[in-house]
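# What the coordinates show
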Amino acid sequence: MRRAIALVTLLASCGEPAEPVDSGVPVTDASPDAGSTVGDCPSGGGAFAVTEVRGSIEDGAEIVVCGDLFGALGPEILLFDDMEGRAAGGEVGATDPVIGAWTDPGGLYAGDASRSGAGAMVVNDTEATGGRGVSAVVGLPDDAGRFGLREFDELFVHVSIRDLGVFPGNGSSPTMFSSDSSAKDVWVMFGPRGDNYEYSCRTECNGHDIVLATHTGRGSFKTDGNETRSSWWLPEFWAFGAWNTMSTYLRVDADRPYEASRGIFEHVAAERGYTRSDYDGQIYRELAGLTPAWDRVKVGAWYRGAGDVRRIIDDLYIAIGPGAAARVEIADAPRIEDATRVAVSTVTDWSPSRIEATVRLGDLDPESPLYLFVVTADAERSPGLPLAR
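First things first, this report covers the structure right here in the doc.

The rules behind these values
- Residues numbered from 1 in each chain as written.
- Predicted model: local features only at pLDDT ≥ 70, side-chain atom pairs only at ≥ 80, totals over all residues.
- Heavy atoms only, no water.
- Helix = DSSP H or I, 4+ residues; strand = E, 2+ residues; numbered from the N terminus.
- Buried < 20%, exposed > 50% of the residue type's maximum accessible area, 1.4 Å probe, protein only.
- Contact = heavy atoms within 4.5 Å.
- Areas by Shrake-Rupley, 256 points an atom, 1.4 Å probe, with all protein chains shown as cover.
- Pairing = 2+ DSSP bridges.
- Axes fitted to C-alpha atoms, helices over the stretch in contact; angles between N-to-C directions.
- Salt bridge = Lys/Arg side-chain N within 4 Å of Asp/Glu carboxyl O.
- Disulfide = S-S within 2.5 Å.
- Phe/Tyr/Trp six-rings, centres within 6.5 Å; stacked < 30°, edge-to-face > 60°.
- Lys NZ or Arg CZ within 6 Å of the ring centre and 35° of its normal.

The helix and strand tally for the protein chain stands at 1 helix and 21 strands. In the protein chain, which comprises 389 residues, the proportion classed as buried is 57%. A separation of at least 24 residues holds for 65% of the contacts in the protein chain among residues at least 6 apart in sequence. For the protein chain, the exposed surface amounts to about 15300 Å²; the carbon and sulfur share of it is 47%.

Structure representation (structure tokens):
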């Protein structure tokens, strides 16, 4: 059983973060009714910062984050799942996620490794899935959408990926990339065949696909698609055999959808530290008869079948819409650039000076120094606030 992290009231000035305070008393009541988690937040002082956190930092605990200039827009969480409480080898069900639901579920639960808790999700396995991706699809049902799902042009995806076998593709090993294009872990589309506009137009045109960090061969990664104009090559980041925690934020300018877009890719791994890549340029290309939008996310989408592969994912978080980038993060360093582990907590209420959230620790060690960050809908990150131990 994890020991709860006790929190006293933490106040931060606009300068350097205060040192963590050790209350010496384990917290046993982290419910919203506890005295430390109710009441209005004090004035933030007019600076973008987290000034106070109320509640205990343990998985599933409710906290209140106080500060200023968080912005008015919080996230619309499409899906969050930590893959816990499921039988190893069992099939993924539509209503299994902690938040949201799979539109078309796929995959199996793993019990041989996990990032948080005891479970994960198998997205590709030589035996269990025949070396093919499970293609689990999530979207938000909406009758107004062309394909029955909510259309969006902004999203944020946070996921951790690990290989327990060889890297997917030909000529690979547990410590060597394949020589060919081999992995599309997260594929965003407009329509069920968004990856092939000309083929889909035989019945009804689909398009505007983009793959988040697709492996194109020999260790090169790119955020791009079959029907996309992106030139976003990513720096070297992959850690073999370890948990690769990746975040991708995409926003297309609705006024200039075929010209301007913004992207942020972030990666952390215990063995490699922090990597970031920013993109400013075209994503969508104009496709006749199609709205410039996406409407679904496909997870474990495609892999080249070769070798003894077993790829798993854990702690999947997807947000869509104008506040997609807004989030609460907990990391193991006061500067995100120095972090080796980052977890996204799930927000339940958001205002410019007060956020309510459920703590998600991922693979963070609750006995080590931890720091809380707020990221706004404009993808601006606050300084880290040290959390008491």
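Next comes the rest of the account.
Here we come to the sheet that holds strand β6 (residues 136-138). With antiparallel pairing, the 6 strands of this open sheet are ordered in space as β6-β15-β8-β9-β10-β11. Only two strands of the sheet have a single partner each, and these edge strands are β6 and β11 (232-234). The sheet shows a mean angle of 20° between the axes of neighbouring strands, direction not considered.

Turning to its location among the elements, A242 is positioned in the loop between β11 and β12 (244-252). A relative accessible area of 7% places A242 in the buried class. In the structure, A242 is positioned 81 residues away from I161 in sequence and 8.1 Å away in space, judged by C-alpha atoms. Aside from chain neighbours lying at most four places away, what touches A242 is I161, R162 and E271.

Time to look at the pattern of salt bridges. Across all of its chains, the model carries 30 salt bridges by this definition. For K222, the salt bridge identified is with D224, shortest N-O distance 2.8 Å. The class of K222 is buried, set by a relative accessible area of 14%. With a relative accessible area of 12%, D224 lands in the buried category. By sharing partners, the salt bridges in this structure join E266, R276, D278, R327, E329 and R381 into a single network.

This brings us to the pairing of strand β3 (residues 76-81). Of all 6 residues that make up β3, 5 are buried, and the element is covered over most of its length. For β3 and strand β16 (residues 310-320), the ladder comprises 5 bridges, and the chain directions are antiparallel. Its bridge partner being in β16, I77 is matched across the sheet by A319.

If you trace the backbone, G139 turns up in the loop between β6 and β7 (154-163). You can call G139 buried: its relative accessible area is 6%. Separated by 10 residues in sequence, G139 and L149 place their C-alpha atoms 6.0 Å apart. When residues no more than four places from it in sequence are discounted, the contact partners of G139 are L78, T103, L149 and D295.

For the rest of this paragraph, the subject is the pairing of β7. Of all the 10 residues making up β7, 9 are buried; the element is thus mostly covered by neighbouring parts of the structure. In this structure, β7 lies alongside β12, joined through 8 bridges in antiparallel fashion. Bridged to V157 within β12 is T248.

Right, let's talk about the state of the cysteines for a bit. Enumeration over the complete set of coordinates arrives at 2 disulfides. There is a disulfide in this structure between C41 and C66, and the S-S distance comes to 1.9 Å. Torsion about the S-S bond of the C41 and C66 cystine: about -65°, corresponding to left-handed handedness. You can see C41 sitting in the segment before β1 (49-54) and its partner C66 sitting in strand β2 (residues 62-68), a full 25 residues away along the chain.

Bringing the environment of M176 into the picture now. By the element assignment, M176 lies in the loop between β7 and β8 (183-190). Exposure remark for M176: the relative accessible area of 47% places this residue in the partly exposed category. Sequence spacing of M176 and V166 is 10 residues, and the spatial spacing of their C-alpha atoms is 7.9 Å. Setting aside residues up to four positions removed in sequence, M176 forms contacts with F167, G171 and F240.

What follows concerns the packing of aromatic side chains. Throughout the structure, instances matching the rule amount to 15 aromatic pairs. Taking the centre distance of 6.0 Å and the plane angle of 15° together, the rings of F221 and W238 count as stacked. Taken together, the positions of F221 in strand β10 (residues 220-224) and W238 in the loop between β11 and β12 put the pair 17 residues apart, joining distant regions of the chain. The exposure classification of F221 matches that of W238, with both residues buried. Between W232 and Y279 the ring centres are 5.3 Å apart and the planes differ by 15°, which places this aromatic pair in the stacked class. Separated by 47 residues along the polypeptide, W232 in strand β11 and Y279 in strand β14 (residues 273-280) bring together distant segments of the chain. Just as W232 is buried, Y279 falls in that class too. Taking NZ or CZ as reference, K184 lies 5.4 Å from the ring centre of W187, over its face. Over the face of the ring belonging to F167 we find R311, whose NZ or CZ atom lies 5.0 Å from the ring centre.

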